[in-house]
Amino acid sequence: LGHGSGGQLSAELIGDVLVPALGSAAPAGALEDAAVVPIDGVDVVLSTDAYVVSPLFFPGGDIGALAVHGTVNDLAMRAALPVALAVAYVVEEGFPLADLRRVAASVGAAARAAGVPVVTGDTKVVGRGAADGLYVVTTGVGQRLAGAAPSATGAAPGDAVLLSGPIGSHGTTILSVREGLGFDADICSDTQPLHRLVAAMVDAGGDAVHALRDPTRGGIASALNEIAVTSGVGIEIDEQALPVPAPVQAACEILGLDPAHVANEGCLVAFVAAHRADAVLAAMRSRPEGRAAVNIGTVRDTEPGRVVVRTSVGSRRILDMLVGEQLPRIC
Amino acid sequence: MAVTPREAPAREVWSIRVRGTVQGVGFRPFVHRLASGLGLDGTVRNVDGDVVVEVAGPADTLAALVRALREQPPQHAVVAHVTVTRGGDAGALGAGFTVALSTSAATTRPGFAGLPVDLATCDDCIRELFDPADRRYRYPFVNCTACGPRATIVDALPYDRARTAMAGFALCAACAAEYADPTDRRFHAEPVACPACGPRLSWRPAGEASDPGATSEEALAAAVATIAAGGTVAVKGLGGYQLVCDATDTAAVHRLRTRKRRLRKPFAVMVVDTAAAGVLARISPAELRLLTGPARPIVLLATHPGAPTALASGVHPGTDRVGLFLPGTPLHHLLLRALARPLVVTSGNLSDEPIAIDDTDATARLAPVADGFLLHDRPIRARYDDSVVRVIGGRRFTVRRARGYAPDPLPLPVATDRSILAVGAQLKHTFTLARADRALVGPHGGSLDDADALAAFHATLGQLTRLHRFTPDVLAHDLHPGYLSTRYAAGQPPGLRRVPVQHHHAHVVSCAAENGVRGPFLGVAYDGLGLGADGTLWGGELLLASYTGFRRLGRFGTAPLPGGEAAVRRPARMALGYLLGGEFAVPAGPAAGFLGRMPSAERDTIARMVARGVNSPHTSSAGRLFDAMSSLLGICDDADYEGEAAVLLEAAAAASGGTEPLPWRLTEVDGLWVYDWSGTLTAALERARAGTPPSELAAGFHATIVAVTVALCVRAAEQTGVTAVCLSGGCMQNRILASRLLTELGTAGLTGHLNHDVPANDGGISYGQAVVAAATCDEGG
Ligand SMILES: [Fe+3]
Ligand SMILES: [Mg+2]
Ligand SMILES: [Zn+2]
Ligand SMILES: [Zn+2]
């Protein structure tokens, strides 16, 4: 198994192995990070995620904050406000108690800040070597905001592609800390909850907000490709409009990474009907999480399933999902 | 009652089939003249790609006809095979000799016939072009059966005017008469045209609409004036738009470079004739033949050493090679004569995009680059960029196979009853269609990560499969899952048979196949990077191979690529990779100078990346070793274009000419012979520090790689008894390396082969894949 880096291969693992195994219990329709489950006419939104980040502590956050924000954000991408969370810890024997306290405190602080209770949970201690320190699994239940039903299938030709903030900080920070590369002096993770930003967007755009995605693993490239495929549309992005903080850009250059492939934990991409795009963008900018929001491109009916970046030279480069680890394609 | 006099020779009926390059080259009028002259009765017609002559007459006269067909074909015809079938109904042929309509029998012989390549303007047409008394005087579209556009104007087959971009131009009476007259040079010249009835030029200054009222002469004059004034003109050429400026004007060349964002990659230069070419470069007889041949490729030539050049310094910075070509269309003849100086003529595109062919698209895309557009109203149906060749070992070595060469089918050594589509690699992309005993390699298409190049791949594939009624049932592809060609194959219907082909196997098979090497052979594949059978990146490989499989016998020592593709763009990173994390260690002392020269932040981060394995995959690439050496010698730290570091290293070596190798050794790792480069790099660093000039060390490095390769091949030959060595991969474009390998393998009792028609770079991968697929399916495997 070499499916760790969140791109093409993970998608294949899900599509070829995990979902087929469910048979008739598989979800109907497109796969989303959160599912809408109607209960007695009420749209309940459900999401679950396992957090295995290494290192556990990093500038801008830790695994506990991430475990709250990630699940809150997955709910938010279906225009749902979080109602309750469940948190499970898998702890390796010998893991320092002080660190566990620190993570638990972080979970609490993040949940309070997001305004969502942690209503239940679980803890398992496993033998040495059976886990790498600490894993956290978070499940969230949310309630859908009235007026919008964004879905990964919803992007439509003509939509504006809006990005809520700068990209690349989280993944670069994690890599820098884990491998001791020293970039984390200038960069920190962007991890933050986005449900209030989404509420503001839905307020301004209503059902013109067609699709939302948080570009976590695989970066904005994976998020855009997933939407392009699921919605059956082409997406064209303007390279110069992509906000990449200068230290992130510098780090990516030296590491040979495309910032578009680097993970984020505190921004989202939105596909919004053109006539409401300016209003939604203004609403995003009125929130601190969306202060630096920008319009980065448009959805087209040509080249369905493909994401193309218009470069500063004026050529059109195909922006692909990562295929496993980055393998050079240059001969 | 008919009585045949006894004295009269017996009248026989022969059916003569001529195979080769016999269509679109004036073959039928030639047969008509010949047969009529001999007083024979019958017909000549095109049947698929062949010419068939049904003819009646005395046996010895018929034999004379066959001899003449073999021995005096028209200028651009190549007669490969003449088969004669005797017998038939003489009465059915009637009296006199006529040219019959083309027939298509695609069902009877499934090759790739009838789509001839474009041919440079012939001498007869050039005479008319500059003869004030001729009705086509200065007509930019003059052509005849011996020359003119072909593949670039075809809509459908068989090749007839009604199915070309000329269909919309109704022949005037004078042209119609020539077209219908079997004795005329323009008999069935499908693109025949004249000022009264044919295409016209128009001029569009950048940012303005074209002036439909202007004459061709006025349009040409405007373009000439713009170029003369230092501007760049986008010219609608045969297979796509070209950007043209004064090659002697430093400011003009600089401006074009700035606008095209192409810093140093050499520009091709068009010169008016061979004399003008001789002023700029040394030209061997073999090079002269290519330069003046009907394909009119860009020929990479050596400049005169030490002599001042008429070319602006920015045309081919840092190299002793210049790509020259001669005018191949009447329009280019007119431009060159009017301007009377060498012109930069480069593909009309931005960076890696495909060459523009559509007027609307070109005028939009090239607007930021061109000061004006020289347009005409004959549409370009298919994209054929200018071909690039060089001469190695006295023979043509194709670097980019496009206009004038593609889509001529190549032999497929193992005939197939399948229809094989080989989708190629990623850079310098081509695809190949194979069926029966023929492989049709599509024209050069650029880098597939460009959305327009990918679209052009789909368009060209669509066009050629439609023309040849080709429905693939086998897909051959690379192992690299990220190549957009592999992804294309993956996206095709699941019912198609798939043949994955390892990158370097495809390289060496491409060489073996076009050289007719049959049994097992030794394959030396030296290139940048390709995915190996073990999932790691290869590129300096010795294989024992056949058309169906291979075993890896040897390789170059590995080194990390710090930052993946970033290390390809910056050879200095690659050098750091070899010094800081290679398979073999270079002592700290000799390495200190280079390490000290690198920016400390970059060096320290890369050291950490290499140590921790962060985005630093290892490779056994030969191309990357050339890159690293180029940087270690201070020749090239950053590459502006693919292969620049190696190109400059070759240029440096050529300036020295030394042949003494640096230290090297072969060792054994996991059952493979491995080139340990640590001694080579160490000696180069030490000697550079001691004051040995980089050019001498560059020459020594080339000699080392030759010595290593010969030693590897000799060992392999001793072990396997195989003596044929097929040399392929992008590194073989290095003339010093390739030509010395041929010589020294010969001295060692082995037989070296290079690619000729098919590029040794990734442009040849699709052909290699097709051959492997044909052989694999043939085995029932
Ligand atoms: Fe290659
Ligand atoms: Mg998630
Ligand atoms: Zn001619
Ligand atoms: Zn005419």
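As the structure is a computational prediction, the values presented were derived from the model and not from experiment. (Residues numbered from 1 in each chain as written. Chains lettered and ligands numbered in written order. Predicted model: local features only at pLDDT ≥ 70, side-chain atom pairs only at ≥ 80, totals over all residues. Heavy atoms only, no water.)

Colleague: Which parts of the structure should I look at to understand the overall build of chain B?
Modeller: Regarding its fold elements, chain B presents 24 helices and 29 strands. The C-alpha radius of gyration computed for chain B amounts to 28 Å, which stays within 12% of the reference 28 Å derived for 781 residues, consistent with globular compactness. Taken along its principal axes, the extent of the C-alpha atoms in chain B is 105 × 60 × 50 Å. In chain B, the share of contacts with a sequence separation of at least 24, taken over all contacts with a separation of at least 6, comes to 73%. (Helix = DSSP H or I, 4+ residues; strand = E, 2+ residues; numbered from the N terminus. Rg over C-alpha atoms; globule rule 2.2 N^0.38 Å. Contact = heavy atoms within 4.5 Å.)

Colleague: Hey, could you run me through the pairing of strand β5 (residues 80-92) of chain A in this one?
Modeller: All names here are of chain A. In this structure, β5 lies alongside strand β7 (residues 134-144), joined through 11 bridges in antiparallel fashion. Of the residues in β7, the one forming a bridge with alanine 84 is valine 141. Taken together, the 8 bridges between β5 and strand β6 (residues 118-126) define a ladder with parallel strand orientation. The residue of β6 that forms the bridge with alanine 88 is aspartate 122. (Pairing = 2+ DSSP bridges.)

Colleague: Mind showing me how you'd approach the interface of chain A and chain B here?
Modeller: A common way to express how large an interface is: the accessible area buried when the components associate. Every contact between the two is made by 30 residues of chain A and, on the other side, 43 residues of chain B. Roughly 3100 Å² is buried in total at the junction of chain A and chain B, and carbon and sulfur atoms are behind 59% of that figure. Taken together, the connections running from chain A to chain B amount to 3 salt bridges. Note that arginine 612 of chain B and glutamate 179 of chain A form a salt bridge whose closest N and O atoms lie 2.6 Å from each other. For the pair chain A and chain B, the interface holds 12 residue pairs in polar contact (both at pLDDT 80 or more). Only α4 (169-179), α7 (246-255) and β14 (316-318) of chain A provide two or more residues apiece to the side of chain A that touches chain B. (Buried area = accessible area lost by both parts, 1.4 Å probe. Salt bridge = Lys/Arg side-chain N within 4 Å of Asp/Glu carboxyl O. Polar contact = N/O pair within 3.5 Å; in protein donor to acceptor, adjacent residues only side chain to side chain.)

Colleague: Explain the coordination of the zinc ion (ligand 3) to me, please; I cannot follow it from the model alone.
Modeller: Think of it this way: four donors in a tetrahedron around the metal ideally sit 109.5 degrees apart, and six in an octahedron ideally sit 90 or 180 degrees apart. All names here are of chain B. Only Cys122 (SG), Cys125 (SG), Cys144 (SG) and Cys147 (SG) from the protein reach the zinc ion (ligand 3) as donors, at distances of 2.3 to 2.4 Å. If you look at the zinc ion (ligand 3), its 4 donor atoms make angles of 99 to 120° with each other, and the shape they trace is tetrahedral. Along the chain, the residues donating to the zinc ion (ligand 3) are arranged with the sequence spacing C-x2-C-x18-C-x2-C. Residue class for cysteine 125 comes out buried when judged on its relative accessible area of 0%. (Donors = N, O, S within 2.8 Å, 3.2 Å for Na, K, Ca; no water. Tetrahedral: all angles 85-135°; square planar, octahedral: opposite > 155°, others 65-115°. Buried < 20%, exposed > 50% of the residue type's maximum accessible area, 1.4 Å probe, protein only.)

Colleague: Explain the coordination of the zinc ion (ligand 4) here, please?
Modeller: All names here are of chain B. The zinc ion (ligand 4) binds to the protein through Cys172 (SG), Cys175 (SG), Cys194 (SG) and Cys197 (SG), with metal-donor distances spanning 2.2 to 2.4 Å. Coordination at the zinc ion (ligand 4) is tetrahedral, judged from the 4 donor atoms that bind it and the angles of 103 to 116° they form at the metal. All donors of the zinc ion (ligand 4) come from a single chain, and their spacing in sequence reads C-x2-C-x18-C-x2-C. Of the two residues, cysteine 175 sits in helix α5 (residues 173-180) while cysteine 197 sits in the loop between α5 and β6 (201-205), which places them 22 residues apart along the sequence. You can call cysteine 197 buried: its relative accessible area is 10%.

Colleague: How should the pairing of strand β8 (residues 241-246) of chain B be read in this particular structure?
Modeller: By the criterion of burial, β8 of chain B is predominantly enclosed, with 6 of the 6 residues buried. Turn length for the strand β7 (residues 233-236) of chain B-β8 of chain B hairpin, with the two strands adjacent in sequence and antiparallel, is 4 residues, and the turn residue glycine 240 of chain B shows positive phi of about 160°.

Colleague: Just to check I follow, could you spell out the packing of aromatic side chains for this structure?
Modeller: The description of an aromatic ring pair rests on the distance of the ring centres and on the angle between the ring planes. Residues and elements named next belong to chain B. This structure, assessed with the given rule, holds 12 aromatic pairs over all chains. A connected cluster of aromatic rings, assembled from ring pairs, spans Phe431, Phe457 and Tyr488. Stacked on the ring of tryptophan 538, the Lys or Arg arginine 552 has its end atom at 3.9 Å from the ring centre. (Phe/Tyr/Trp six-rings, centres within 6.5 Å; stacked < 30°, edge-to-face > 60°. Lys NZ or Arg CZ within 6 Å of the ring centre and 35° of its normal.)

Colleague: I'm lost on the domain arrangement of chain B in this one. Help?
Modeller: As assigned here, chain B comprises domain 1 (11-99), domain 2 (201-376), domain 3 (409-515 + 765-778) and domain 4 (521-755). For domain 1 of chain B versus domain 2 of chain B, the separation of C-alpha centres amounts to 42 Å. (Domains from an automatic or database assignment.)

Colleague: What should I look at first to understand the nonpolar core in this one?
Modeller: The nonpolar side chains of soluble globular proteins are, as a tendency, buried together. Residues and elements named next belong to chain B. Counting 156 residues, the largest nonpolar core has Leu374 and Tyr526 as the members making the most contacts within it. Of the residues forming this core, the biggest block, 12 residues, is contributed by helix α22 (residues 694-720). What leucine 374 contacts, discounting residues up to four positions off in sequence, is Leu201, Ser202, Trp203, Ala219, Leu220, Ala223, Val233, Ala234, Val235, Lys236, Leu331 and Leu335. Judged by nonpolar contacts, the second largest core, of 39 residues, contains Ala434, Ala506, Ala724 and Cys777. (Core = buried A, V, L, I, M, F, W, Y, C linked by side-chain atoms within 4.5 Å.)

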